[in-house]
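Residue strings, one per chain:
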Amino acid sequence: MTEYDPRLVAPTCLYLASKVEESTVQARLLVFYIKKMCASDEKYRFEIKDILEMEMKLLEALNYYLVVYHPYHPLLQLLQDAGITDLTQFAWGLVNDTYKMDLILIHPPYMIALACIYIASVLKDKDTTLWFEELRVDMNVVKNISMEILDFYDTYKIDPQRGLPEDKISHVMNKLPAKA
């Protein structure tokens, strides 16, 4: 962690992530905007070659493993399996919001998808109890992920027009199962 300057590692991570996600941002543009945003700070004076060299070090640290799994694919499959595809848009929005947290770094993507399906089904009054039982998934994990998502909405007081209103959060929290 102390071997490399985090002010160089962070933009290099952005650069590499954009390539992995097939939304490439040119290194020269990244350097241009860093210089533009931090013009008065000499600590941010990086050149394109610095980013490209750090990219190779970052790739080595990752052992060149760049396969990234997201919750979206399992979400669609699970919604179809449960026969509740009408919740797709709502559950998809919940998954989008999980990227504002560290859940994707901690839990497998399918578990995040299940938690989003659970929250969506409770809020839209869809009974998915039997379906969850058939999955034989650890509901304690689904419950914990769901609580983290709801805590995020509660902590940041998401706009009721875009996010979950307070009364809905407590409604879902009260419906979470106590045990698997």
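Residues numbered from 1 in each chain as written. Predicted model: local features only at pLDDT ≥ 70, side-chain atom pairs only at ≥ 80, totals over all residues. Heavy atoms only, no water.

Filter applied, for reference: UniProt positions are given in the numbering used here, feature names are shortened, and annotations may be inferred rather than shown by experiment.
Per an unreviewed UniProt entry, the chain is named Cyclin-like domain-containing protein, and its organism is Zizania palustris. Under the Sequence similarities (unreviewed entry) heading, UniProt states for the chain: "Belongs to the cyclin family."

## Notes on the side chain of D97
Put simply, the test is: Put simply, DSSP marks the helices as runs of H or I at least four residues long and the strands as runs of E at least two long, and each gets a number from the N terminus on. For every residue, the accessible area (1.4 Å probe, protein chains only) is compared with the maximum for its type, and the residue is labelled buried under 20%, exposed over 50%, or partly exposed between those bounds. In this description, contact between two residues means that some pair of their heavy atoms is separated by no more than 4.5 Å.
Relative to the elements of secondary structure, D97 occurs in helix α5 (residues 88-98). With relative accessibility at 14%, the residue D97 sits in the buried group. Leaving out residues up to four positions away in the same chain, D97 has contacts with F152 and Y153.

## A closer look at the pattern of salt bridges
Rules: Whenever Lys or Arg places a side-chain nitrogen within 4 Å of a carboxyl oxygen from Asp or Glu, that contact is recorded as a salt bridge.
Counting across every chain of the model gives six salt bridges. For K35, the salt bridge is made with E47, and the minimal N-O distance between the two is 3.0 Å. Taken together, the residues span a long stretch of sequence, with K35 in helix α2 (residues 27-37) and E47 in the loop between α2 and α3 (48-61) at a distance of 12 residues. Look at K35 and you get partly exposed, because its relative accessible area is 25%. Across the pair K49 and D50 runs a salt bridge whose closest N-O atoms are separated by 3.4 Å. Judged by relative accessible area, which is 51%, K49 ranks as exposed.

## Notes on the environment of K35
Note the following rule: The definition of a polar contact used here is a pair of N or O atoms within 3.5 Å, where within protein one atom must be able to donate a hydrogen and the other to accept one, and adjacent residues in sequence count solely through side-chain atom pairs.
With 11 residues separating them in the primary sequence, K35 and F46 have C-alpha atoms 7.9 Å apart. Leaving out residues up to four positions away in the same chain, K35 has contacts with R45, F46 and E47. A distance of 3.0 Å separates polar atoms of two side chains, one belonging to K35 and the other to E47.

## A short note on the packing of helix α1 (residues 6-20) against α3
Using the following cut-off: Orientation is described by axes fitted as lines to C-alpha atoms, over the contacting stretch for helices, and by angles from 0 to 180 degrees between their N-to-C directions. Reported orientations rely on four angle classes, namely roughly parallel under 35 degrees, roughly antiparallel over 145, roughly perpendicular from 65 to 115, and oblique for the rest. When residue character is reported, Ala, Val, Leu, Ile, Met, Phe, Trp, Tyr, Cys and Pro are called nonpolar, Asp, Glu, Lys and Arg charged, and the others, Gly included, polar.
Two numbers describe how α1 lies on α3: the axes approach to 9 Å, and their chain directions differ by 75 degrees. One way to sum up the angle between α1 and α3 is to call them roughly perpendicular. Contact residues: L8, V9, P11, T12, C13, Y15, L16 and K19 in α1; D50, I51, L52, M54, E55, L58 and L59 in α3. Residue composition of the contact of α1 with α3, grouped by class: 11 nonpolar, one polar and three charged.

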